[in-house]
Amino acid sequence: MHYRKEIDGLRAIAVLAVMFFHAGFSLVPGGFLGVDLFFVISGYLITSLIFLEIHQSKFSLLNFYERRARRLLPALFLMMLACIPLAVFMMQPDDLQNFGQSLISTSLMSNNILLYLTSGYWDITSEFKPLLHTWSLGVEEQYYLIFPLMALLVCKLSSRKILSIFMIMTIGSFLFSSWIQQIDPDADFYLLPSRIWELGVGALIAFFLIFDKDFQTSLTYRAKEFIALIGMGLVMIPIIFFHSTPELLNYFRLMVVVGTGALILCADNNTFLGTFLSSKLLVYVGLMSYS
């Protein structure tokens, strides 16, 4: 799998949007949608990695989980350790108890589930949840547990059947998300079933590029530039112009997800946006985005 600098540039946009949103910058009222961008990138990268290794007869579940652990756990545990003394000295007993529960659930890849179960009327404010942001890591880690097993189950099937299976999974998750968002917004936000469609779009793009290796070379320069420009617009418009209308939330998320997919497909290093996303500053931010 060849390295694509522009993907790290996309990561930078995602993490900067989320950070500016939580810092209270009014210019990015939809900055939290950077998480949705992240999920598409993760789906694309993990699917590309797994299926290319399966194709080369190099894939190992043990090696996959070991690489994920080396990638995720050192920074995670360092952050958790840094929070502990501050929590002990600064938090009230109820908040400290909630923090302890989050420490355990984060270590067990399930803080998103804890946050869902404790959300609602008696929930404490986010300012007193220093591990709140690990909910998205919980979603990804749960996906990492399931997806490699699915990949091994379907890898012997034809490319058409594999695409069909993941297309059904992706559409089903989107429909579930649209339904559950109306009756239980916290479940839609925190839980894996309503986030699979975002990871699934990334997976479908990876399949498409793996099975149709001539796609990017078959498009003209102008076509790729146009599609990439549309993709960037779909990503940035919801982030900049978001307004908190619950009925429109999934439409904004869909825009970001489709836009990210278009950028992954067409914003290569031969396009203006690909060159922009590959700039040293954005790549640097993208490379350290997880930490």
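Residues numbered from 1 in each chain as written. Predicted model: local features only at pLDDT ≥ 70, side-chain atom pairs only at ≥ 80, totals over all residues. Heavy atoms only, no water.

Q: Which parts of the structure should I look at to understand the pattern of salt bridges?
A: Pairing between side chains becomes possible if they bear opposite charge and their charged atoms approach one another. For the structure on display, the rule yields 10 salt bridges. Between Arg195 and Asp36 there is a salt bridge, with the nearest N and O atoms lying 2.9 Å from each other. Placement of Arg195 in the loop between α8 (185–190) and α9 (196–211) and of Asp36 in helix α2 (residues 34–55) is noted, with a sequence separation of 159 residues between them. Like Asp36, Arg195 is buried. Asp36 is the salt-bridge partner of Arg253, the closest N and O atoms lying 3.3 Å from each other. Pair noted here: Arg253 is in helix α12 (residues 249–266) and Asp36 is in helix α2, with a separation of 217 residues, a long-range link. Taking the relative accessible area as the measure of exposure, Asp36 reaches 2% and is therefore buried. Among the charged side chains, a network of salt bridges with common partners joins Asp36, Asp188, Arg195, Glu198 and Arg253. (Salt bridge = Lys/Arg side-chain N within 4 Å of Asp/Glu carboxyl O. Helix = DSSP H or I, 4+ residues; strand = E, 2+ residues; numbered from the N terminus. Buried < 20%, exposed > 50% of the residue type's maximum accessible area, 1.4 Å probe, protein only.)

Q: Any chance you could explain the packing of aromatic side chains here in plain terms?
A: The description of an aromatic ring pair rests on the distance of the ring centres and on the angle between the ring planes. With the rule as written, the count across this model stands at 18 aromatic pairs. With centroids separated by 5.9 Å and ring planes inclined at 85°, the aromatic side chains of Trp135 and Tyr190 adopt a geometry described as edge-to-face. With a gap of 55 residues between them, Trp135 in helix α6 (residues 135–154) and Tyr190 in helix α8 connect regions that are remote in the sequence. Side by side, Trp135 and Tyr190 carry an identical accessibility label, which is buried. Judged by centre distance (4.9 Å) and plane angle (75°), the ring pair of Phe174 and Trp197 falls under edge-to-face. Of this pair, Phe174 sits in helix α7 (residues 159–183) while Trp197 sits in helix α9, and the two are 23 residues apart along the sequence. A residue is classified by how much of its surface remains accessible, and Trp197, at 1% relative accessible area, is buried. Through successive ring pairs, a cluster of aromatic residues spans Phe51, Tyr143, Phe147, Phe166 and Phe207. Directly above the ring of Tyr144 sits Arg68, whose terminal nitrogen or CZ lies 5.4 Å from the centroid. Above the ring of Phe189, the side-chain terminus of Arg195 is found at 5.1 Å from the ring centroid. (Phe/Tyr/Trp six-rings, centres within 6.5 Å; stacked < 30°, edge-to-face > 60°. Lys NZ or Arg CZ within 6 Å of the ring centre and 35° of its normal.)

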